[in-house]
Amino acid sequence: MFVFFLFFIGSTILAQPVTTIQGFAEAYVGKEVKVFVIDDYLSHLRTQVASSTVQNDSTFKLSFFNKQTRKLRIEVDKNYFHIYTQPKGDYKLFVGESSPYIDEKAKGVEVEFFFLDLDSTDINYKILMFEDYQLKFLQKHYYHKSLKSTNFVAQLDTFKLDVSEKYAADTSRFFKAYVKYSVASLDNIAFLGQRNEYEK
């Protein structure tokens, strides 16, 4: 019975989806890399799920159980950045160094990072492509002081329909929720003749 119990526990652990994050952090050799799940966005409460050290060749690698698509905070020494991860995801990153203009006494700053070989089906790729799509729309149609605000309202309505059609076949609930709230936030940007709360 005890052997069966151990086998059951071992099988359960092996069945857990594992996410791996690895990469290069040339400016942080010998420093610790930590991965945190964000438990609460208001209180900024978070739980550490993995840690590692940047090796002499500037590489690092972390693996942890991850059952759902979510946003994570990665801390490298005192600095940090955020990525989205999904179950069984394998992420390769290049982590940039802190700006030389930042006060050395600062507790930590958000640093740039780059994905290496990011798959087109990954949540990060989808979000990056959507944000680029949304930014191009704003660059083309949004003018803060435009007197033709009705034009922007009309274009925004068209954009919403285009987005709905563009991502209708996507099966990621997380991505669809991200798109939904991002597009909804466009109703709150300021422009002359903007919609009132009832219209929104």
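Residues numbered from 1 in each chain as written. Predicted model: local features only at pLDDT ≥ 70, side-chain atom pairs only at ≥ 80, totals over all residues. Heavy atoms only, no water.

1. Re the sheet that holds strand E3 (residues 45-53)
The four strands lie next to each other as E3-E2-E5-E6, forming an open sheet whose pairing is antiparallel. Looking at strand neighbours, the two that pair on one side only are E3 and strand E6 (79-85), the edges of this open sheet. Strand-to-strand twist of the sheet, defined as the mean angle between neighbouring strand axes without regard to direction, takes the value 25 degrees. With five bridges joining them, strand E2 (residues 32-40) and strand E5 (residues 70-76) adopt antiparallel strand pairing. When the sheet's bridge partners are listed, Val33 is paired in E5 with Val76. (Pairing = 2+ DSSP bridges. Helix = DSSP H or I, 4+ residues; strand = E, 2+ residues; numbered from the N terminus. Axes fitted to C-alpha atoms, helices over the stretch in contact; angles between N-to-C directions.)

2. Describing the packing of aromatic side chains
By the definition in use, this model includes twelve aromatic pairs. Arranged with centres 5.4 Å apart and planes meeting at 40 degrees, the rings of Tyr133 and Phe159 form a pair that is tilted. Of this pair, Tyr133 sits in helix H2 (residues 123-141) while Phe159 sits in helix H3 (residues 149-166), and the two are 26 residues apart along the sequence. Grouping aromatic residues by their ring pairs yields a cluster made of Tyr84, Phe130, Tyr167, Phe174, Phe175 and Tyr178. Directly above the ring of Tyr133 sits Lys166, whose terminal nitrogen or CZ lies 4.9 Å from the centroid. (Phe/Tyr/Trp six-rings, centres within 6.5 Å; stacked < 30°, edge-to-face > 60°. Lys NZ or Arg CZ within 6 Å of the ring centre and 35° of its normal.)

3. Considering the pattern of salt bridges
For the structure on display, the rule yields seven salt bridges. Taking the shortest distance from any N to any O, the salt bridge between Glu32 and Lys34 comes out at 3.9 Å. Exposure remark for Glu32: the relative accessible area of 37% places this residue in the partly exposed category. When the shortest N-O distance is used, the salt bridge between Arg73 and Glu75 registers 2.8 Å. Of the residues examined, Glu75 reaches a relative accessible area of 13% and is grouped as buried. Through salt bridges that share partners, Arg46, Arg73 and Glu75 make up one connected network. (Salt bridge = Lys/Arg side-chain N within 4 Å of Asp/Glu carboxyl O. Buried < 20%, exposed > 50% of the residue type's maximum accessible area, 1.4 Å probe, protein only.)

4. Digging into the sheet that holds strand E4 (residues 59-65)
The strands that make up a sheet are held in pairs by hydrogen bonds between backbone atoms, and each pair lies either parallel or antiparallel. Read across the sheet, four strands follow the order E4-E1-E7-E8 without closing on themselves; strand pairing throughout is mixed. Looking at the sheet topology across the chains shown, the edges are occupied by E4 and strand E8 (113-115). Strand-to-strand, the axes of this sheet are offset by a mean angle of 25 degrees, without reference to chain direction. The pairing of strand E1 (residues 18-24) with E4 spans seven bridges and is antiparallel. Looking across to E4, one finds that Gly23 is bridged to Phe60.

5. A word on the packing of H2 against helix H4 (residues 173-185)
Where H2 contacts H4, the axes come no closer than 10 Å and their chain directions differ by 20 degrees. If you check the angle between H2 and H4, you find them roughly parallel. By crossing handedness, the relation of H2 to H4 is classed as right-handed. Listed contacts from H4 to Ile123, Lys126, Ile127, Phe130, Glu131 and Gln134 of H2 are Phe174, Phe175, Tyr178, Val179, Ser182 and Val183. (Parallel < 35°, antiparallel > 145°, perpendicular 65-115°, else oblique. Left-handed = near helix turned anticlockwise from the far one by under 90°. Contact = heavy atoms within 4.5 Å.)

6. A short note on the confidence of the model for the protein
Here the protein shows a mean pLDDT of 86. Residues at 70 or above account for 80%. Considering only residues more than four positions removed or in separate chains, one finds that residues 2-6, a stretch of pLDDT under 50, has zero contacts. Under a pLDDT of 50 for its full length, residues 8-13 has, in the predicted model, one contact with residues more than four places off or in other chains. (pLDDT = per-residue confidence, 0-100.)

7. Considering H2
Taking 1.5 Å of rise per residue, 19 residues should cover 27 Å, and H2 covers 27 Å from first to last C-alpha, within 8% of that figure. One side-chain oxygen at the N-terminal end of H2 lies 2.8 Å from the backbone nitrogen of Asn124; it belongs to Asp122. (Expected span 1.5 Å × (residues − 1). Polar contact = N/O pair within 3.5 Å; in protein donor to acceptor, adjacent residues only side chain to side chain.)

8. Remarks on the environment of Ser185
Considering the arrangement of structural elements, one finds Ser185 in helix H4. Given a relative accessible area of 37%, Ser185 falls into the partly exposed group.

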